[in-house]
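Descriptive analysis of the structure
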Amino acid sequence: MFASRGLLRSSRRLVGGISSATRTYVNLSKPSTSVAVLELDRAPVNSLSKEMADAVSAAIKEAEGDDKVQALVLKSSNPKIFSAGLDITEMNNPEVERLEDFWRSIQDLFLTLYGSRLSTVAAIEGHSPAGGCLLAMSCDYRVMTEGENFKIGLNETKLGIAAPYWLKDLFVKTIGNREAELGLGLGKLYSPSEALSVNLIDEVVKNEDVLEVAMKEAETWAKIPPKGRVASKVMLRSEMMDELREKKELDVGWFRDFIMEEGTQKGIDAYLKSLGGKK
Ligand SMILES: CCCCC/C=C\CCC/C=C/CC(=O)SCCNC(=O)CCNC(=O)[C@H](O)C(C)(C)COP(=O)(O)OP(=O)(O)OC[C@H]1O[C@@H](n2cnc3c(N)ncnc32)[C@H](O)[C@@H]1OP(=O)(O)O
């Protein structure tokens, strides 16, 4: 019952060695035999458009395709922004078909990262709101750079939207029900020290140390015999993943209907205009 599809994914159809493969929006490299590094690289803020989400999913699968790789560090090319979350322009006055496909790509990214056979370490450089926090929480370990102006959390309510049920579940699993009630309800964004105090992240480090610390952590995980490590991960994560797989199209419908509502569109439009003060 527990052979969750996705985890323990077959690597047969995937490309083998990774040698600084560079593609649009992501850079994948392999600085050591057992650890790959996936850099998010979509200026200006690493927001997750459909194409960006697909690129990240593809890069994770490529890393999984190398049987020697046991761990993956997820980082950003921008030292101040890990990811600004979902690309809000995808949800602003969208074409329905594109909106639905966008959401499927986001679901797939979550299932791919959360369900990866690799041990995953998020090197959270700077801001990581909403979908950025989703990426971080989907990893096995989270290191964040210090700086109280950097924020991480689920701020959806402040945009006039709600997190999907599976993101809420992941939040509850990570920080517990009471803190999730406060965090979700208030759309709270946590500073690194606050995030550490509620276990949203595991470590706070100096900016210049983040990659080194994340790599060291990844090497530690990579040394654990994979059979037991992956089986443990499956036990902890498969229930949530299986539920989303069963409800995928229902979830697409909930997302579409919620986003297409006039009131939601007004909220998203106003929020987008407030960003950078330029749009
Ligand atoms: C009951 C049933 C419910 C069912 C509902 C189901 C599902 C709904 C799910 C919805 C889930 C949403 C999750 C999300 O991820 S929503 C996105 C949330 N993200 C944010 O709120 C972050 C917004 N951005 C910022 O706060 C800042 O940009 C920053 C990350 C702190 C960086 O600040 P700064 O360096 O000052 O950069 P700017 O603000 O000037 O931005 C530069 C540039 O980038 C644009 N931009 C920023 N973030 C995004 C984004 N997420 N998407 C698209 N574009 C973004 C910003 O507009 C600027 O553009 P211009 O230079 O052109 O003005």
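Residues numbered from 1 in each chain as written. Predicted model: local features only at pLDDT ≥ 70, side-chain atom pairs only at ≥ 80, totals over all residues.

The protein has the name Enoyl-CoA delta isomerase 1, mitochondrial in an unreviewed UniProt entry, where Triparma retinervis is given as its organism. Recorded under Function (unreviewed entry), the UniProt text for the protein is reproduced unchanged: "Key enzyme of fatty acid beta-oxidation. Able to isomerize both 3-cis (3Z) and 3-trans (3E) double bonds into the 2-trans (2E) form in a range of enoyl-CoA species, with a preference for (3Z)-enoyl-CoAs over (3E)-enoyl-CoAs. The catalytic efficiency of this enzyme is not affected by the fatty acyl chain length." (UniProt positions renumbered as here; feature names shortened; annotations may be inferred.)

Another aspect to go through is the pairing of strand β4 (residues 71-76). Successive side chains on a regular strand alternate, one facing one side of the sheet and the next facing the other. A large share of β4 lies buried, amounting to 6 of its 6 residues. Read from strand β3 (residues 35-40) through helix α1 (residues 50-64) to β4, the crossover connection turns out right-handed. With 4 bridges joining them, β4 and strand β5 (residues 119-124) adopt parallel strand pairing. The residue of β5 that forms the bridge with A71 is S119. Crossover handedness for the path β4 to helix α2 (residues 96-114) to β5: right-handed. (Buried ≥ 20, exposed ≤ 12 C-beta atoms within 10 Å, placed from the backbone. Helix = DSSP H or I, 4+ residues; strand = E, 2+ residues; numbered from the N terminus. Right-handed = clockwise from strand over helix to strand, strands pointing away. Pairing = 2+ DSSP bridges.)

The next thing to look at is the sheet that holds strand β8 (residues 152-153). As summarised here, the arrangement of the 3 strands in space is β6-β8-β9, forming an open sheet in which the pairing is mixed. If you trace the sheet from one side to the other, it starts and ends with β6 (128-129) and β9 (189-190), each paired once. By the bridge criterion, 2 bridges tie β6 to β8 in an arrangement that is parallel. Within the sheet, the bridge partner assigned to P129 lies in β8 and is G153.

Looking now at α1. Its 15 residues give α1 an end-to-end C-alpha distance of 21 Å, which sits within 8% of 21 Å, the value for a rise of 1.5 Å per residue. Those residues of α1 lying buried are M52, A53, D54, A55, V56, A59, I60, E62, A63 and E64. (Expected span 1.5 Å × (residues − 1).)

Let us now look at helix α9 (residues 262-274). Since one α-helical turn is 3.6 residues long, residues separated by three or four positions face the same way. Helix length check: α9 (13 residues) gives 19 Å between terminal C-alpha atoms against 18 Å at 1.5 Å per residue, within 8%. Just downstream of α9, G276 is the residue with a positive phi angle, here 65 degrees.

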